[in-house]
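Notes for the structure review
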Amino acid sequence: MHPRWTGGCFNGPPRGFSGAPPGAWFGHHGGHPFDPFHNSPVQPDAHPGVSCDGCKRPMVGVRHKCTVCPNYDLCSGCKGQGIHGHHAMHDIQPPFGRYPSQSTTLPQPSNGGVDMGYVHHGVLCDGCRGNVHGIRYKCVTCLDYDLCMTCKQQGTHSCHQMTEIFPPGHRGHGSFQPPPHHHHLPHYPFPSVQAATGPTQTFHGNQSFRGQGQTPPPSSRDGELSTAKWAPLQQGVPFNRCPLSTAETEYQDVIQRMNSTGGGAWTSKVLQICRIENHRMFRVYRSCKDEMEREHGPGFQNERILWHGTSADVLDNIYRGGFNRSYCGKNATAFGKGVYFATGFSYSAGNTYSPPDAKGQKYVFLCRVLTGHFAPGQSGLNEPPMRTAELRYDSVVDNTSNPTMFVIFKDMQVYPEYVITLAA
C-alpha cells in the first residue's frame, strides 16, 4: 500500500485517479467537479472505482471486462471459476504507470487486412450512431460505449483508452478477436422451416415489412427472444419498427397470446402488430437476464410475457429507450413507484392505461419482463424489499399466490417486443 494522490469525478460512471492530478489519467477534463482524497492508501495493482461483478470485491490485478455486457467486470479468481463464461472477456492490466497520460499519443487505428464488410451486429457507434464495420473500438472505462473506425480516427472520445475488437479470422496485435460466428449479439437456433418466399419490402423511415406469403422462422413466444430476423439499422436510426403480415406465424402467435390471456374480444379490433428491434436495449436486457439466471440457478422462472398499455404520446420514447420510471404515477402506484405489467390483455387495453388517441386508436405492448423473485407490493415503494441481508427481490406483485400485476423498478428488466395497435 502506497500513499498516492487519489480522487473521484462527480460526473459519469464511478471511477478514480491515482498518482497524478486530475486530467493525467485518461485525459480527464477539468470541467467536472473532482473530489480529492490526498495521501489515500492505494494498492498499486488496484483498479480505482472498479469492483468485481462476481465476488463484489474491489478489483485488484488483471481486470477482465466483458466485450458484450455494459459495465461488467470480473477479477481473475472469478474468471478462473468460469463465471460469465458465455461472453468473451478483454484483459485490462492495472492502471498505475500503464495508461497513457495527456502527453501520450494513442496508437492510430489501421485497417490493414481487416474485413471492412464485416458488421458487428447489434452494436452502434456512439459517435455517428451508425453500424460498426471492420474494427470495433470499445471504451474500457465508460458504460457500453463503442466507436467505429471513422469516429476513432477523428479523435472522438479520445479522453479514454479504447480496446480493439476485430472481425473473426483477423489477428490484431494485442487486441481481442471474437471466435468465429460471434456477432456480439446472441442469436438463438430454431428448428428448420420451409424456406421463405416473397420479397422483403422496405418502408420509409425505420419500418420494414415481410411480403405476403412468407414463412418466417417459428415464433419465440415462450422461448428465447431471437434477433435472427432483425433488419440492419439505418445510420442515425436507433431502432426498427417492423409491421408484421397477418399471414405470418409470428403475427398469429401474438393473436393467440391475446386469446389465451383474456383478450379474445379485442382480436377483431387489431389494426396492426409491429415487432420492435432495438439492438442496444436488447443487449442490456439480455445481460440482465444472464445475470439473473446465474444468480437464481437453473430451472427458475425469471422471465414472463406480460402486457403494458400506454398512450400515443410516449410510444416513441419506449421504442428508443424502453420504459421510464419517471412516468410512474401517471396511472397507478398502488403497489409501488415502478412500471406496471399485467398478465391479462384486457386490463392493459382498458381506457385507463391505453386511452384512445385523436385517431381513435389504442396501443398495448407485449413485453418480456424479468420478474425473478417477487414480493407483495405496497403504495410508496421506491424499490423492492430485501429478500436476504444483501439482495432485494426483483419485482413486486398484487398477489403472491396468483399475481395478475407485476411492478418493475429497473428499466433494464423489460424488453418491449411487440406493439399492438387497436381500434377503440
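Quantities reported herein were computed from a predicted structural model and do not represent experimental measurements.

This next bit is on the overall build of the chain. For the chain, the count of helices and strands is 6 helices and 24 strands. When each of the 424 residues of the chain is scored for burial, the buried share is 51%. Counting contacts in the chain only where the partners sit at least 6 residues apart, residues at least 24 apart contribute 64% of the total. Only carbon and sulfur atoms are counted for the fraction: they give 51% of the accessible area of the chain, which is about 19,500 Å².

Another aspect to go through is the pairing of strand β4 (residues 46–51). Summarising the sheet, β4 and strand β5 (residues 58–60) pair through 2 bridges and their orientation is antiparallel. Within the sheet, the bridge partner assigned to alanine 46 lies in β5 and is valine 60. Connecting β4 to the next strand, β5, in antiparallel fashion are 6 residues, including lysine 56 with a positive phi near 70°.

What follows covers the pairing of strand β16 (residues 240–243). Residues Asn240 and Cys242 point to one face of β16 and Arg241 and Pro243 to the other, with burial holding for every one of them. Sheet analysis places β16 next to strand β17 (residues 270–277), joined by 4 bridges and oriented antiparallel. By the bridge assignment for β17, proline 243 is matched with cysteine 274.

Residues spaced three or four apart along an α-helix face the same direction, because each turn holds 3.6 residues. Between its first and last C-alpha, helix α4 (residues 279–296) extends 26 Å over 18 residues, near the 26 Å set by a 1.5 Å rise per residue. The buried count for α4 comes to 14 of 18 residues, which makes it a mostly enclosed element. Residue asparagine 278 occupies the N-cap position of α4, its side-chain oxygen lying 3.4 Å from the main-chain nitrogen of arginine 280. Within two residues after α4, glycine 297 carries a phi angle of roughly 85°, on the positive side.

Within the fold, aspartate 73 resides in strand β7 (residues 73–74). A polar side-chain atom of aspartate 73 sits 2.7 Å from a polar atom in the side chain of arginine 63.

This next bit is on the nonpolar core. Within the largest apolar cluster, 29 residues are counted, with the highest numbers of intra-cluster contacts made by Phe323, Phe341, Phe365, Tyr415 and Val419. Of all elements in the fold, only β17, α4, α5 (315–321), β19 (339–342), β20 (361–370), β23 (405–408) and β24 (414–423) reach the threshold of two or more residues within this core. In terms of nonpolar packing, the next biggest core, distinct from the first, is built from 17 residues, Tyr251, Ile305, Ala349 and Tyr418 among them.

Moving on, we get to the environment of alanine 46. As for its placement among the helices and strands, alanine 46 is situated in strand β4. Between the C-alpha atom of alanine 46 and that of proline 94, which follows or precedes it by 48 residues, the distance is 6.0 Å.

What follows deals with the packing of aromatic side chains. As enumerated under the stated definition, the model contains 11 aromatic pairs in all. Ring centres of tryptophan 230 and tyrosine 415 lie 6.1 Å apart, and the angle between their planes is 20°; this geometry places the pair in the stacked category. Of this pair, tryptophan 230 sits in the loop between β15 (208–210) and β16 while tyrosine 415 sits in strand β24, placing them 185 residues apart in sequence. The class of tyrosine 415 is buried, set by a relative accessible area of 0%. Relative to phenylalanine 406, the ring of phenylalanine 374 has its centre 5.6 Å away and its plane inclined at 90°; by these criteria the two rings are edge-to-face. Within this pair, whereas phenylalanine 374 is found in strand β21 (residues 374–376), its partner phenylalanine 406 is found in strand β23, the two being separated by 32 residues in sequence. The buried category is assigned to phenylalanine 406, whose relative accessible area is 1%. Taken together, the ring pairs in this structure connect Phe239, Tyr319, Phe323, Phe341 and Phe365 into an aromatic cluster. Positioned over the ring face of tyrosine 137 is lysine 152, at 5.5 Å from the centre of the ring.

A separate point is the sheet that holds strand β6 (residues 63–66). Judged by pairing direction, the sheet is antiparallel, and its 3 strands sit side by side in the order β7-β6-β8 without closing on themselves. Across the chains shown, the open sheet's two edge strands, defined by having one partner strand only, are β7 and β8 (89–92). As paired strands, β6 and β7 are joined by 2 bridges and run antiparallel to one another. Across the sheet, residue histidine 64 finds its bridge partner in β7, namely leucine 74.

Tracing the sequence through the fold places proline 58 in strand β5. A relative accessible area of 64% means that proline 58 is categorised as exposed. Note: C-alpha distance between proline 58 and alanine 46 (12 residues apart in sequence) is 7.6 Å. Once residues within four sequence positions are removed from consideration, proline 58 is found in contact with Val50 and Ser51.

With that settled, the discussion passes to the sheet that holds strand β11 (residues 136–139). Spatial strand order, β12-β11-β13: 3 strands in an open sheet with antiparallel pairing. Two strands close off the open sheet at either side, each with one partner strand: β12 (146–147) and β13 (162–165).

Along the chain, glycine 380 falls in the loop between β21 and β22 (395–397). By relative accessible area, which is 38% here, glycine 380 ends up partly exposed. When the C-alpha positions of glycine 380 and threonine 333 are compared, they lie 7.2 Å apart, and in sequence the two are 47 residues distant.

Moving on, we get to the pattern of salt bridges. Across all of its chains, the model carries 14 salt bridges by this definition. Residue glutamate 250 pairs with arginine 275 through a salt bridge whose shortest N-O separation is 2.8 Å. Here arginine 275 lies in strand β17 and glutamate 250 lies in helix α3 (residues 249–260), a separation of 25 residues in the sequence. With relative accessibility at 2%, the residue glutamate 250 sits in the buried group.

Turning our attention to the confidence of the model for the chain. Parts of the model with low pLDDT should not have their predicted coordinates read in detail. For the chain, the average pLDDT comes to 75, and 69% of its residues sit at 70 or higher. Low pLDDT (under 50) marks residues 1–40, which in the prediction has 97 contacts with non-local residues, meaning those over four places away or in another chain. Across residues 97–109, where pLDDT falls below 50, the model places 24 contacts with residues more than four positions away in sequence or in other chains.

About the criteria used
Residues numbered from 1 in each chain as written. Predicted model: local features only at pLDDT ≥ 70, side-chain atom pairs only at ≥ 80, totals over all residues. Heavy atoms only, no water. Helix = DSSP H or I, 4+ residues; strand = E, 2+ residues; numbered from the N terminus. Buried < 20%, exposed > 50% of the residue type's maximum accessible area, 1.4 Å probe, protein only. Contact = heavy atoms within 4.5 Å. Areas by Shrake-Rupley, 256 points an atom, 1.4 Å probe, with all protein chains shown as cover. Pairing = 2+ DSSP bridges. Expected span 1.5 Å × (residues − 1). Polar contact = N/O pair within 3.5 Å; in protein donor to acceptor, adjacent residues only side chain to side chain. Core = buried A, V, L, I, M, F, W, Y, C linked by side-chain atoms within 4.5 Å. Phe/Tyr/Trp six-rings, centres within 6.5 Å; stacked < 30°, edge-to-face > 60°. Lys NZ or Arg CZ within 6 Å of the ring centre and 35° of its normal. Salt bridge = Lys/Arg side-chain N within 4 Å of Asp/Glu carboxyl O. pLDDT = per-residue confidence, 0-100.

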